[in-house]
Amino acid sequence: MLKKISTDKAPAAIGPYSQGIIANGMLFASGQIPINPATGNVEGEDITAQAELVMKNVGALLAEAGTDYTNVVKTSCFLADMGDFAAFNEVYARYFTEKPARSCVAVKTLPKNVLCEVEVIAVVNG
């Protein structure tokens, strides 16, 4: 059985998808970009500010699913510029302290021309 996850504490889906799906005790969360869920606007001028907001949005989805950063088993990270890798990692490391498996790639363009996007797979508590 699939359970859709939805919270107003993370940005609403901007396409035909769910914020997250729980299947067999695992959360598969859609990629999060630096959109303020209260305003729907992209916020943050640099990679550090944008990554902070992305991590907060990821945290909101994890919380809604009944889990947290310590239960994330895999992340996929997308950067608009690999030159931002070190600064992105500084923010990332503060949230993902258990060091889940990860992919990190540079892509040509991200939605709304943001600098980063992160998606996660996590074990759901309980």
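Residues numbered from 1 in each chain as written. Predicted model: local features only at pLDDT ≥ 70, side-chain atom pairs only at ≥ 80, totals over all residues. Heavy atoms only, no water.

With that settled, consider the pairing of strand 2 (residues 20-23). Relative to strand 2, strand 1 (residues 2-5) runs antiparallel, the two being bridged by four bridges. Bridge pairing links Lys3 to Ile22 in strand 2. Here strand 2 pairs with strand 3 (residues 26-29) via four bridges, running antiparallel. The partner of Gly20 across the bridge, within strand 3, is Ala29. Linking strand 2 back to strand 3 in an antiparallel pair, the connection comprises two residues, with Asn24 at a positive phi of about 50°. (Pairing = 2+ DSSP bridges. Helix = DSSP H or I, 4+ residues; strand = E, 2+ residues; numbered from the N terminus.)

The end-to-end C-alpha distance of helix 1 (residues 47-64), which contains 18 residues, comes to 26 Å, matching closely the 26 Å that a straight helix rising 1.5 Å per residue would cover. Most of helix 1 sits inside the fold, with 13 of its 18 residues counted as buried. Directly beyond the C-terminal end of helix 1, a positive phi value near 85° is found at Gly66. (Expected span 1.5 Å × (residues − 1). Buried < 20%, exposed > 50% of the residue type's maximum accessible area, 1.4 Å probe, protein only.)

Let's shift gears to the sheet that holds strand 6 (residues 116-123). If you trace the six strands from one edge of the open sheet to the other, you get 1-2-3-6-4-5, paired in mixed fashion. Two strands lie at the open edges of the sheet, namely strand 1 and strand 5 (101-106), each paired on one side alone. If you compare each strand with its neighbour and ignore which way they point, the axes differ by 15° on average. Helix 1 contacts strand 1, strand 3, strand 4 (72-79) and strand 6 of the sheet and is inclined by roughly 25° relative to strand 6. (Axes fitted to C-alpha atoms, helices over the stretch in contact; angles between N-to-C directions. Contact = heavy atoms within 4.5 Å.)

Closest axis-to-axis distance for the helix 1/helix 2 (residues 85-95) pair is 9 Å, and the angle between their directions is 30°. When the interaxial angle is binned, helix 1 and helix 2 end up roughly parallel. Between helix 1 and helix 2 lies a crossing whose hand is right-handed. Residue-level inspection shows Ile47, Thr48, Ala51, Glu52, Met55 and Lys56 of helix 1 in contact with helix 2, the latter providing Ala87, Phe88, Val91, Tyr92, Arg94 and Tyr95. Grouping the constituent residues of the contact of helix 1 with helix 2 by class yields eight nonpolar, one polar and three charged. (Parallel < 35°, antiparallel > 145°, perpendicular 65-115°, else oblique. Left-handed = near helix turned anticlockwise from the far one by under 90°. Nonpolar A, V, L, I, M, F, W, Y, C, P; charged D, E, K, R; others polar.)

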